[in-house]
Amino acid sequence: MTTATDALVLLAMLVGTVGVVVPVLPGLVVVWGATLAWALVRQDGPGWLVFGVATVLYAVGLVAKYLLPGRRMKNAGVDGAVVAVALAVAVVGFFVVPVVGAPLGFVLTVYVLEQLKHREHAAAWRATSQAIRAVLLNVGIELGTAFAIIAAWGVGVLATRS
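The name given to the chain in an unreviewed UniProt entry is DUF456 domain-containing protein, with the source organism recorded as Terrabacter lapilli.

A. Focus on the packing of helix α2 (residues 27-42) against helix α6 (residues 121-159). Relative to each other, α2 and α6 sit at 15°, their axes nearing to 9 Å. It follows from the interaxial angle that α2 and α6 lie roughly parallel. α2 and α6 meet at a crossing whose hand is left-handed. Mapping the contact onto sequence places L28, V31, T35 and W38 in α2 and E142, T145, A146, I149, I150, W153, G156 and V157 in α6. Across the contact of α2 with α6, the residue classes break down as eight nonpolar, three polar and one charged.

B. How the structure looks around the UniProt feature "transmembrane region" (unreviewed entry) in the chain. Following the UniProt record, one finds the feature "transmembrane region" (unreviewed entry) at residues 12-41, 48-68, 80-113 and 134-159. This span, residues 12-41, is 83% helix and 0% strand, and a straight line between its end C-alpha atoms measures 15 Å. Spanning residues 48-68, this segment combines 100% helix with 0% strand, and its end C-alpha atoms are found 30 Å apart.

C. Looking closely at the packing of aromatic side chains. In total, this model carries five aromatic pairs according to the counting rule given. Relative to W153, the ring of W38 lies with its centre 6.3 Å away and its plane at 80°, an arrangement referred to as edge-to-face. One end of the pair, W38, is in helix α2; the other, W153, is in helix α6, and 115 residues separate them in sequence. By way of ring pairs, the aromatic residues W32, W48, F51 and Y58 are connected into one cluster.

D. Inspection of the pattern of salt bridges at higher detail. Overall, the coordinates contain three salt bridges when judged by the stated rule. R42 is the salt-bridge partner of D44, the closest N and O atoms lying 2.6 Å from each other. K65 is the salt-bridge partner of E142, the closest N and O atoms lying 3.0 Å from each other. Residue E142 is located in helix α6, and its partner K65 is located in helix α3 (residues 45-75); the two are separated by 77 residues in the primary sequence. Here the two residues E142 and K65 agree in accessibility, since each one is buried.

E. The nonpolar core, seen in detail. Core analysis: the largest hydrophobic core is formed by 14 residues, its most contacted members being V9, M13, L28, V31, W38, I149 and W153. Of all the elements in the fold, those that place two or more residues in this core are α1 (4-21), α2, α3 and α6. Considering every element that reaches this core, the biggest residue donor is α6, with five residues. If we skip the residues at most four places from it in the chain, I149 touches L28, V31, T35, A54, L57 and Y58.

F. Summary view of α3. The end-to-end C-alpha distance of α3, which contains 31 residues, comes to 44 Å, matching closely the 45 Å that a straight helix rising 1.5 Å per residue would cover. Among the residues of α3, those classed as buried are G47, V50, F51, A54, Y58, G61, A64, K65, P69 and M73. Close packing links the buried residues of α3 with α2, α4 (80-96), α5 (101-118) and α6. Capping the start of α3 is the job of one residue whose side-chain oxygen sits 2.9 Å from the backbone nitrogen of G47: D44. The first or second residue beyond α3 is G77, which carries a positive phi of 95°.

Rules and cut-offs
Residues numbered from 1 in each chain as written. Predicted model: local features only at pLDDT ≥ 70, side-chain atom pairs only at ≥ 80, totals over all residues. Heavy atoms only, no water. Axes fitted to C-alpha atoms, helices over the stretch in contact; angles between N-to-C directions. Helix = DSSP H or I, 4+ residues; strand = E, 2+ residues; numbered from the N terminus. Parallel < 35°, antiparallel > 145°, perpendicular 65-115°, else oblique. Left-handed = near helix turned anticlockwise from the far one by under 90°. Contact = heavy atoms within 4.5 Å. Nonpolar A, V, L, I, M, F, W, Y, C, P; charged D, E, K, R; others polar. UniProt positions renumbered as here; feature names shortened; annotations may be inferred. Phe/Tyr/Trp six-rings, centres within 6.5 Å; stacked < 30°, edge-to-face > 60°. Salt bridge = Lys/Arg side-chain N within 4 Å of Asp/Glu carboxyl O. Buried < 20%, exposed > 50% of the residue type's maximum accessible area, 1.4 Å probe, protein only. Core = buried A, V, L, I, M, F, W, Y, C linked by side-chain atoms within 4.5 Å. Expected span 1.5 Å × (residues − 1). Polar contact = N/O pair within 3.5 Å; in protein donor to acceptor, adjacent residues only side chain to side chain.

Set out below in structure tokens:
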């Protein structure tokens, strides 16, 4: 039997998953937090086990989210300083132009700085395309992590049905 708690947790997880793609909410944190709320309501071993699995998945996803896209850009020759400035502009862009400001600001900043550095469109575009791929990889990692947490929770719900 599906409980009201299960339904609310699933709804929160779905909202969090949308928050991964549309960066209005800290999507992955919402998905993980919904698992915590479920475990707190259950107050039993299986609930805490599922929460532990979700926490490990969350940690692995966070590490991958920050290491893999950055490494990819570094291997493509995009300097760390360019990435740092682009991230700062992305944060400002998030507040200036909600939803699209962060990725747009990041990508445009990489292009402009690489254009200034190389004085050539082709080199700047190569770096920018790597930045776009890095942003997409980041979203993919977050989505994969959210789906893995939701799957672990779903298995826990099915395994503990009365």
